[in-house]
Structure formats: structure tokens, C-alpha cells
Amino acid sequence: MVSHGCHERQENKAIYTLSSERCPNIISKSAWGAKKTSCRDRLSNPVPWVIIHHTAGASCNTKASCISQVKGIQNFHMNSNKWCDVGYNFLVGNDGSVYEGRGWTMVGAHAKGSNSKSIGISFIGDYMTKLPSQAALNAAKRLISCGVSKRMIQPNYTLKGHRNVGSTDCPGNALYNNIKSWGRFKA
Ligand SMILES: [Zn+2]
């Protein structure tokens, strides 16, 4: 079959295009001006769980204000908690951008006992009584699809809220009720 090789290449190109389309805009640590970090523990990818958090602080609607929040959270986690970096793998702002924390491959410090088998995604703000912006919700869902397509998250992953694995209100009642409808949720 002469056309077989060509057909394969086209398929690969289609998969590649699909993968990148699934990924939201991710602001890298160098782009938001992160402090140098010294984390060593690597995740064993693809991980089986995605854990959703909120930061329980101020929300942000612009890139500048979200960067300010992310820097403040990294400072707090490193200076007060004495962690090697911001605890979350990713943070999501109401501007609809994803901010890189420990990223896809480093173990986070976001859900005690579950860090080594999960990607922790935190919405910037307090979502007890209100939801993040639609842009933020969409960005987080795309980030999960992106992680599956990059083989960083297992295709049959389980979605959880922080409260499902620890004694906490996180990620807030309103957001927790919302993530139940995302698919693959299991308390
Ligand atoms: Zn949390």
C-alpha cells in the first residue's frame, strides 16, 4: 500500500493539532517572574488524580493582578510554610489564564497524602458562595484535557475537590458543587 505512510503522517499531524488545541494559555514561571525554586520530587506521570482547590483569598481579573496574587502566594508558601515552591501545580485566574506552579512533572504541596498521585489546580479567589469566571472554569477544564493529551494525567483520571481528601472547606461550596458536573468526578 503506497499511501499507507502518508496516511500515518496525516494522522500524527491531526493528533498533534488536537493536542495543542486542547491546551489553554499557560503563563510560564519565567513569564510571571517566579522566584527560583529547589524542588526535587518528581511525579510519576501520568497521574491518576486531579484535585481542585481555591486560594481562599482575593480574586483577580487581569493578567497584572493575577501575577501579583500568584507572586504573593509563592512568597507565602516559600517564606512562611518553608516549601520549595508554590504548593499548587497550576493556578487559574478569572482573567482566563493558567499560571504555572510546580507544573506537570513536580510533586506539589497542596493535598497532604495525595500530592504524589495528583495534579493540584487552584482557582485564585474565594469560591464558597460564588463561582470563578466562565473563562477560568473553561481554562481549568482545558488544562485537564491538555494534561491527558500530553500523557501527564491518566485518561481515566478521577477528579476530586480538596475536601474529598482532607479536612477542609476547599475548594469552597459553590466551586465544589460545580466540579461535580465536570465528568470523572468522584468524591
Ligand atoms: Zn485546597
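Residues numbered from 1 in each chain as written. Predicted model: local features only at pLDDT ≥ 70, side-chain atom pairs only at ≥ 80, totals over all residues. Heavy atoms only, no water.

Engineer: What's the story with the coordination of the zinc ion in this structure? I'm lost.
Structural biologist: Six octahedral donors at a metal ideally form angles of 90 or 180 degrees, and four tetrahedral donors ideally form angles of 109.5 degrees. The zinc ion binds to the protein through H53 (ND1), H162 (ND1) and C170 (SG), with metal-donor distances spanning 2.1 to 2.2 Å. Under the relative-accessibility criterion, H162 is labelled buried at 16%. (Donors = N, O, S within 2.8 Å, 3.2 Å for Na, K, Ca; no water. Buried < 20%, exposed > 50% of the residue type's maximum accessible area, 1.4 Å probe, protein only.)

Engineer: Help me out: how do you make sense of helix 4 (residues 134–149) in this one?
Structural biologist: Since there are 3.6 residues in each turn of an α-helix, residues three or four apart along the chain are aligned in direction. Spanning 16 residues, helix 4 covers 23 Å between terminal C-alpha atoms, matching the ideal 22 Å at 1.5 Å per step. For helix 4, the complete set of buried residues consists of A136, L137, A139, A140, L143, I144, C146, G147 and S149. Looking one or two residues beyond helix 4, the residue adopting positive phi is R151, at roughly 65°. (Helix = DSSP H or I, 4+ residues; strand = E, 2+ residues; numbered from the N terminus. Expected span 1.5 Å × (residues − 1).)

Engineer: What should I look at first to understand the state of the cysteines in this one?
Structural biologist: Note on terminology: a disulfide is the covalent bond linking the sulfur atoms of two cysteines. One pass over the structure, following the stated rule, counts three disulfides. Paired by a disulfide, C39 and C84 hold their sulfur atoms 2.0 Å apart. Across the disulfide from C39 to C84, rotation about the S-S bond amounts to roughly 100°, and the bridge is consequently right-handed. Of this pair, C39 sits in the loop between helix 2 (29–32) and strand 2 (47–54) while C84 is found in the loop between helix 3 (63–80) and strand 3 (90–92), placing the two residues 45 residues apart along the sequence. Cysteine pairing for the protein chain (bonded cysteines numbered in sequence order): 1-6, 2-5, 3-4. (Disulfide = S-S within 2.5 Å.)

Engineer: How do you make sense of unusual backbone geometry when you look at a structure like this?
Structural biologist: Glycine aside, the phi torsion of most residues is negative, and most peptide linkages are trans. Each neighbour pair has its own omega, and for N45 with P46 the value is 0°, a cis peptide bond. Among the secondary structure elements, P46 is positioned in the loop between helix 2 and strand 2. Of the consecutive residues C170 and P171, the connecting peptide bond is found in the cis state with omega at 10°. Within the secondary structure, P171 sits in the loop between strand 6 (153–161) and helix 5 (173–179). Phi is positive for R184, which is not a glycine, with a value near 70°.

Engineer: What am I meant to see in the nonpolar core here?
Structural biologist: For soluble globular proteins, nonpolar side chains are generally found buried alongside one another. By size, the foremost hydrophobic cluster in this structure holds 30 residues, and its most contacted members are I52, F123, L159 and W182. Of the residues forming this core, the biggest block, seven residues, is contributed by helix 4. Aside from chain neighbours lying at most four places away, what touches L159 is V50, I52, I144, I179, W182, G183, R184, F185 and K186. Within the second largest apolar cluster, 12 residues are counted, among which are I67, V70, V86 and Y88. (Core = buried A, V, L, I, M, F, W, Y, C linked by side-chain atoms within 4.5 Å. Contact = heavy atoms within 4.5 Å.)

Engineer: What exactly am I supposed to notice about the layout of surface pockets here?
Structural biologist: Sizing a probe to match a water molecule and rolling it over the atoms shows the empty space that remains. In this structure, the largest pocket encloses a volume near 230 Å³. Along the wall of the largest pocket there are 15 residues; nearest its centre are H77, W83, Y88, H110 and H162. Secondary structure elements with two or more residues in the lining of the largest pocket: strand 2 and helix 3. (1 Å grid on protein atoms, 1.4 Å probe; cavity = no way out; pocket = protein on both sides within 12 Å on 5 of 7 lines; lining within 4 Å. Points joined across faces, edges and corners; volume = space filled by probe spheres on them.)

Engineer: Help me out: how do you make sense of the environment of G103 in this one?
Structural biologist: Residue position: G103 is located in the loop between strand 4 (98–100) and strand 5 (118–123). G103 gets classed as buried once you look at its relative accessible area, which sits at 3%. Between the C-alpha atom of G103 and that of S28, which follows or precedes it by 75 residues, the distance is 8.9 Å. Those residues in contact with G103 that sit more than four places away from it in its chain are N89, F90 and I119.

Engineer: Would you explain the side chain of T55 in this entry?
Structural biologist: For T55, the location among the structural elements is in the loop between strand 2 and helix 3. A polar atom in the side chain of T55 sits 2.8 Å from the backbone nitrogen of G125. (Polar contact = N/O pair within 3.5 Å; in protein donor to acceptor, adjacent residues only side chain to side chain.)

Engineer: What exactly am I supposed to notice about the packing of aromatic side chains here?
Structural biologist: By convention here, two paired aromatic rings are described through the distance between centres and the angle between planes. Summed over all chains, the structure comprises three aromatic pairs. Aromatic pair F123 and W182: ring centres 6.4 Å apart, planes at 70°, arrangement edge-to-face. Of this pair, F123 sits in strand 5 while W182 sits in the segment after helix 5, and the two are 59 residues apart along the sequence. Considered together, F123 and W182 belong to a single accessibility category, that of buried residues. Sitting over the ring of W49, K160 keeps its end group 5.0 Å from the ring centre. (Phe/Tyr/Trp six-rings, centres within 6.5 Å; stacked < 30°, edge-to-face > 60°. Lys NZ or Arg CZ within 6 Å of the ring centre and 35° of its normal.)

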